[in-house]
Amino acid sequence: MAKKSNKKNHVGSNGVLNPALVVLICAGLLTVLGITILFSASLHINKDSPYFFIEKQAMWVGLTIVVGLLLMLVNLDWIRRFIWVGYVLGIAVLLLVFVPGIGTVINGSRSWVRIGPIGFQVAEIAKVSFVFFAAHYFSSIRSENTTFLRGFIYPGIGMGIYIALVIAQPDLGTALIYVMVAVSMLYLAGVRLIYLIPSVLAGFAGVVALIYNDAERWSRLTAFWNMEAEKAGDAYQGWQALLAFGAGGIDGVGLGNGRQQQAFLPEAHNDFIFAIIGEELGMIATLAVVTVYGVLFIAGVMHIRNAPNTYQYLLAAGCVLMISVQSILNLGVVTGVLPTTGLPLPFISYGGSNFLTMGIFVAIILNTSLAWRGPVLQQSKRKLKDIEG
Amino acid sequence: MASRPGTKFRFWILALFFLCGYGAIGFRLVELHAFKSTEFVDELESSRFRVLREMPRRGDIYDVNGEILATSHIFLEVGVDRHEIKSADLARIPEIAKNLDLPVSHVREAFGVSNGRLPSDVKTLSPRWKLLKRRVEPRSFEALKELGIRCVTSTKSYEREYPQGDLAAHVIGFVRKDGQAAMGVEREFDYYLSGEEGWTETEIGAGRREMAQFRRRQVTSTDGLNVVLTIDSYVQDVVQKELHQVVDNFKPKAATIIVSDPYTGEILGLANYPSFNPNEYSKSDDESRKNRALTDILEPGSTFKIVAATAALEERVVNVDTQIDCAQPIAVMPDGYRVKLPKDDHAMGILSVGEVISKSSNRGAAHLGFKLGGQNFYEWVERYGFGEYSGLDLGVESRGILNPPNKWDRLTLSRMTMGHSIAATPIQIHMATSTLANGGVLMTPRVVAGITNYEGETVVEFGPVPKRKVFSRGTARTVATLLEEAASERGTARRAMVEGYRVAGKTGTTQKIVNGRYSTREHVGSFTGFFPANNPQVVITVIVDGGRPATGGLGYGGIVAAPSFREIAKKLIPHYAIAPAVEAPAYARNEALNQSAGDN
């Protein structure tokens, strides 16, 4: 992630804002809002030091900026040589949680690795190598993308290993992101729908069957259908989040005046932070946040369209998808459209691993925009279009 | 883009899919924020908003010497908030148990520990709160509090305590467990005792903890004031012990003893049998909780002859030496009606008015009534306070039964003078005697001397409340002298005599009405009097309902009630340092002069 002061340099020759820069600006705005609302959302947790969460989050933001700036220097084509190393490294990292003494169980899931003072969620970091792998693989098989084995089964297995390891933690929410990104990339890579659609339906049926056999998960799911009746039971958290939006009304109760995070909404600083925005700042702010995510997505899409080759196209697409899928899932859960799964809201929720990963994706998008700037500047747009056919 | 895998079409479908997702969330947000807001705000308000009550401490009740008769005891209800249990707390369970003086297993159970382990998620424990111990002294909780175990909680609570047990139970009354004052001073002076409840309009979080930062309005509670009684614990104790003695000796159905100061109307001791212990009020029945001094009505009997005597003397229709023929069974009333007179216990001849009282002649009393006339006598009875509330602030009180003359029959006057055809409460009889003792002023009886605040400063003082002047001091002295005669070797109340002191008093014995007829076996024996007769300091009334001496015989007032007067009087002499009568005061020695010249 670069600083916003770089903005001027990135305005395209035709005077139109570089879409990659719009992505960065959106991410920056969301980060600033996140830090602001985090102060109010976390104040009650650690009363001895009210800045505890802010300080920690600020440190992660700083780290992310440094990592992002370093990533901008990397040649994305050069890095393709080490794709397989990255792929294996990703699996190794995912396996770390199962190592006793390093893996830490939090809320019933083995998603954390703790080495010394630093703890992080492996499934977040692994997203990066996952996207690189997918982009590299699909771009290397070229025209074979419509075949069954090389176009569907092999990449399916390649990505499936990651997904299986995330499910094994178990972290179903993050696994869902992996699945949705994987399906989207298969779809974008040109897999035949006759393979894709039945597999998706079968996978969906399998998930439903799995949940049905797990009494606790099933009751949580049915609670979602019948939220009002279950508001004191399994749907408690979800219901309290909905109440927070109602309490906020159009313009909110004001920063720091929110009540829901004080006692009624566990994880308010984390997965349910959007509800606190809804309560304290109201509909104006929540619609603005959704709009910013929408703009980020549209800017991402506009940017992808300029990609010079399939690898970079899919790489940038994977990054945008990772951000957007996660934001839609989180917003859907918090507003009660989707059943509860624990997922942070990109850039806003408290949590270092996710913020770092999201920052890396933004940095990759910016990197591609730097890499693509050459041809865009040297050749007229029309010519480029001709080349693309 | 044809060179790339997939098509433009796929790209835009996917983009549209995501944009629809964001759009759907936008619509959902509008619904939640704008259309459901009112409903949600209502629900939140009802779950968050609370008016927390702060109970004030109820004031204490003291006797006249400052001894505590009723107090409020603070104790803590200690419980465990099981959702706050930390795994580190497990190791401290033995310490907690030791502090609370509970078996370790009990605490373990309350914590939800099974097989030495907590459930993996303590938030699943239900119910969330468990009581560890209901009554814990605040001081002994201090040590536990210092351990700083967050899940152990305490709630402050007050409990009414009566340190003296059943002492003055009917006067003090009691407070129910729910805080409602049920009877006696507790109830009648609840206004002063209860204090003012404080309240806080605030919001609570999950776990019902108050969120103090969202407090809206707060009114602190004001503790109740203390009530100081006129009751003297010593006198009360003497009275109750004597009552026990009466119960042991005569096995009555009910009995009442009242001791008061004649000049101020202050009740020094008041006890009824059966009684109860206010600390265990729930174990008592209605009968034992009844304050019979105020609620029982009985025919006063011979003690009522005081009324006829004072009236006749005050009206000067007779003097002490006027001769009355008490041998004749038939009398001719002033209007010429011939009426059969009640019988005396033993035949009497011609008696002076003084002898009519000291020997308690029924026929003599009837003649006094005839001389006064029905309407006149009725007015005298009323002036004495019969038929009206005594005004003692102890709750339910009876007025007794006093019919106006237009409802009387031909016999009523001759019977009322001897204390029949009228029903009075013990306190009415007592106050009538008190009027005689203080020289003719009917006082309002009182049990409360004043109200003090927590610093002991007197806030309200209740002084003597005279009702009316009933008769002159001269008449009072004269009748007192006659009653002194009754309580002498020659009178009916000789068992009330106290050596070295002059006692004035009158016995009374009435047959109880059993199944609609006067019973010859069930009697109400009473004695009411004061001493020293020359300088009255205490008035004592003893009423024994349905008592019979164990040795046989009937429950005459002179037998069942008069001895109690003597026993109580003997114990009050050192307490009040009452001086013995060295000789009769001057006015008594010059009785004749006093009468011929008139009093006042």
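Each remark here, short or long, concerns the structure printed above.
Here the structure is a predicted model, which means the values were calculated and not measured.

Focus: the overall build of chain A
Point 1. Helix and strand counts for chain A stand at 14 helices and three strands.
Point 2. Within chain A, the proportion of its 389 residues that are buried is 52%.
Point 3. Restricting to contacts in chain A with at least 6 residues of sequence separation, those with at least 24 account for 71%.
Point 4. When the accessible surface of chain A is totalled, it reaches about 16700 Å², and 66% of it is carbon and sulfur.

Some details on the packing of helix H12 (residues 305–314) of chain B against helix H15 (residues 374–383) of chain B
Angle between the axes and distance between the axes are the two parameters that describe a pair of packed helices.
Residues and elements named next belong to chain B.
Point 1. Remark: H12 packs on H15, axes separated minimally by 10 Å, with the N-to-C direction vectors making an angle of 115°. As summarised for this structure, H12 and H15 are arranged roughly perpendicular, according to the angle between their axes. Where H12 crosses over H15, the handedness of that crossing is right-handed. Residues Val307, Ala308, Ala311 and Glu314 of H12 pack against Phe377, Trp380 and Val381 of H15.
Point 2. For the contact of H12 with H15, a count of residues per class yields six nonpolar, no polar and one charged.

Points about the packing of helix H6 (residues 172–189) of chain A against helix H12 (residues 310–334) of chain A
Residue and element names in this part refer to chain A.
Point 1. Axis separation between H6 and H12 bottoms out at 9 Å; the angle between their running directions is 140°. What the angle tells us is that H6 and H12 run oblique. Between H6 and H12 lies a crossing whose hand is right-handed. Together, Leu176, Ile177, Met180, Val181, Ser184, Met185 and Leu188 of H6 and Tyr313, Leu314, Ala317, Gly318, Leu321, Met322, Val325, Gln326 and Leu329 of H12 make up the contact between the two elements.
Point 2. Classifying every residue of the contact of H6 with H12 gives 13 nonpolar, three polar and no charged.

Re a nonpolar patch on the surface
Point 1. A cluster of nonpolar side chains, Phe148, Leu149, Tyr154, Ile157 and Ile161 of chain A, forms an exposed patch at the surface whose accessible area comes to about 460 Å².
Point 2. Here Leu149 of chain A is to be found in helix H5 (residues 149–168).

Focus on the pairing of strand S13 (residues 267–273) of chain B
Residues and elements named next belong to chain B.
Point 1. Counting buried residues along S13, six of its seven residues qualify, which places the element largely inside the surrounding structure.
Point 2. Here six bridges tie strand S12 (residues 254–260) to S13, and the two strands are oriented antiparallel to one another. Its bridge partner lying in S13, Val259 is registered against Gly269.
Point 3. Between S12 and S13, which pair antiparallel and follow one another directly, the connecting turn spans six residues, one of which, Gly265, has a positive phi of 75°.

A word on the sheet that holds strand S1 (residues 103–106) of chain A
Hydrogen bonding along the main chain pairs the strands of a sheet, whether they run parallel or antiparallel.
All names here are of chain A.
Point 1. Spatial strand order, S1-S2-S3: three strands in an open sheet with antiparallel pairing. This sheet does not close on itself; its edge strands, each paired only once, are S1 and strand S3 (118–121). Strand-to-strand twist across the sheet, computed as the mean angle between neighbouring axes with direction ignored, equals 40°.
Point 2. Of the pairings in the sheet, the one linking S1 to strand S2 (residues 109–115) comprises three bridges and is antiparallel in character. The residue of S2 that forms the bridge with Ile106 is Ser109.
Point 3. Across the sheet, helix H4 (residues 122–141) touches S2 and S3, and the angle it forms with S3 is around 60°.

Quick look at the interface of chain A and chain B
Point 1. At the junction of the two partners, chain A supplies 59 residues and chain B supplies 38 residues.
Point 2. Interface area, chain A with chain B, both sides summed: about 4200 Å², of which 70% is carbon and sulfur.
Point 3. Summed over the three residues of chain A that lose the most area to chain B, namely Tyr187, Arg259 and Ile328 of chain A, the buried surface amounts to 15% of that side.
Point 4. In this assembly, chain A and chain B are joined by one salt bridge.
Point 5. The salt bridge partner of Glu279 of chain A is Arg48 of chain B, with a shortest N-O separation of 3.1 Å.

Description of H5 of chain A
Residue and element names in this part refer to chain A.
Point 1. Along H5, the helix axis deviates most sharply at Gly160, where the bend reaches about 30°.
Point 2. Looking at H5, one finds that the buried residues are Gly151, Phe152, Pro155, Gly158, Met159, Tyr162, Ile163, Leu165 and Val166.
Point 3. On the buried face of H5, the contacting elements are helix H3 (83–96), H4, H6 and helix H7 (193–213).

Examining the side chain of Arg502 of chain B
Point 1. Note that Arg502 of chain B resides in the loop between helix H18 (473–486) and strand S22 (504–514).
Point 2. Within the structure, the side chain of Arg502 of chain B is placed 2.5 Å from the side chain of Glu484 of chain B, a separation counted as a polar contact.

Things to note about the nonpolar core
Point 1. In this structure, Phe138, Phe274, Phe347, Ile348 and Phe361 of chain A are the most contacted members of the largest nonpolar core, which totals 125 residues.
Point 2. No other element matches H12 of chain A, which puts 17 residues into this core.
Point 3. Apart from residues lying up to four places away in sequence, Phe347 of chain A is in contact with Ala27, Leu30, Thr31, Gly34, Leu296, Ile323, Phe355, Met358, Gly359 and Val362 of chain A.
Point 4. Counting residues in hydrophobic clusters, the runner-up holds 91 residues, among them Tyr162, Leu294, Ile306 and Phe530 of chain B.

What about unusual backbone geometry?
Point 1. In this model, Gln169 of chain A is joined to Pro170 of chain A through a cis peptide bond whose omega is -5°.
Point 2. Mapped onto the elements of the fold, Pro170 of chain A is located in the loop between H5 and H6.
Point 3. In this structure, Pro274 of chain B follows Tyr273 of chain B across a cis peptide bond, with omega equal to 0°.
Point 4. Assignment of secondary structure puts Pro274 of chain B in the loop between S13 and helix H10 (286–289).
Point 5. Phi angles above zero are rare outside glycine, and Ala168 of chain B is one such case at about 55°.
Point 6. Of note, Ala168 of chain B is situated in the loop between strand S5 (152–161) and helix H6 (169–172).

What about the pattern of salt bridges?
All names here are of chain B.
Point 1. Under the criterion given, the structure shown has 29 salt bridges over all chains.
Point 2. Among the salt bridges present, the one from Asp190 reaches Arg58, with a minimum N-O distance of 2.7 Å. Of this pair, Asp190 sits in helix H8 (residues 190–193) while Arg58 sits in the loop between strand S1 (49–54) and strand S2 (61–62), placing them 132 residues apart in sequence.
Point 3. Its relative accessible area of 9% is what places Arg58 among the buried residues.
Point 4. Note that Glu484 is salt-bridged to Arg502, the shortest N-O span being 2.5 Å. Taken together, the positions of Glu484 in helix H18 and Arg502 in the loop between H18 and S22 put the pair 18 residues apart, joining distant regions of the chain. Judged on exposure class, the residue Glu484 and its partner Arg502 are both buried.

Analysis parameters
Residues numbered from 1 in each chain as written. Chains lettered and ligands numbered in written order. Predicted model: local features only at pLDDT ≥ 70, side-chain atom pairs only at ≥ 80, totals over all residues. Heavy atoms only, no water. Helix = DSSP H or I, 4+ residues; strand = E, 2+ residues; numbered from the N terminus. Buried < 20%, exposed > 50% of the residue type's maximum accessible area, 1.4 Å probe, protein only. Contact = heavy atoms within 4.5 Å. Areas by Shrake-Rupley, 256 points an atom, 1.4 Å probe, with all protein chains shown as cover. Axes fitted to C-alpha atoms, helices over the stretch in contact; angles between N-to-C directions. Parallel < 35°, antiparallel > 145°, perpendicular 65-115°, else oblique. Left-handed = near helix turned anticlockwise from the far one by under 90°. Nonpolar A, V, L, I, M, F, W, Y, C, P; charged D, E, K, R; others polar. Patch = residues over 30% accessible without salt bridge, like charges linked within 9 Å, V, L, I, M, F, W, Y side chains within 5 Å. Salt bridge = Lys/Arg side-chain N within 4 Å of Asp/Glu carboxyl O. Pairing = 2+ DSSP bridges. Buried area = accessible area lost by both parts, 1.4 Å probe. Bend = angle between axes of the 7 residues up to and from the residue. Polar contact = N/O pair within 3.5 Å; in protein donor to acceptor, adjacent residues only side chain to side chain. Core = buried A, V, L, I, M, F, W, Y, C linked by side-chain atoms within 4.5 Å.

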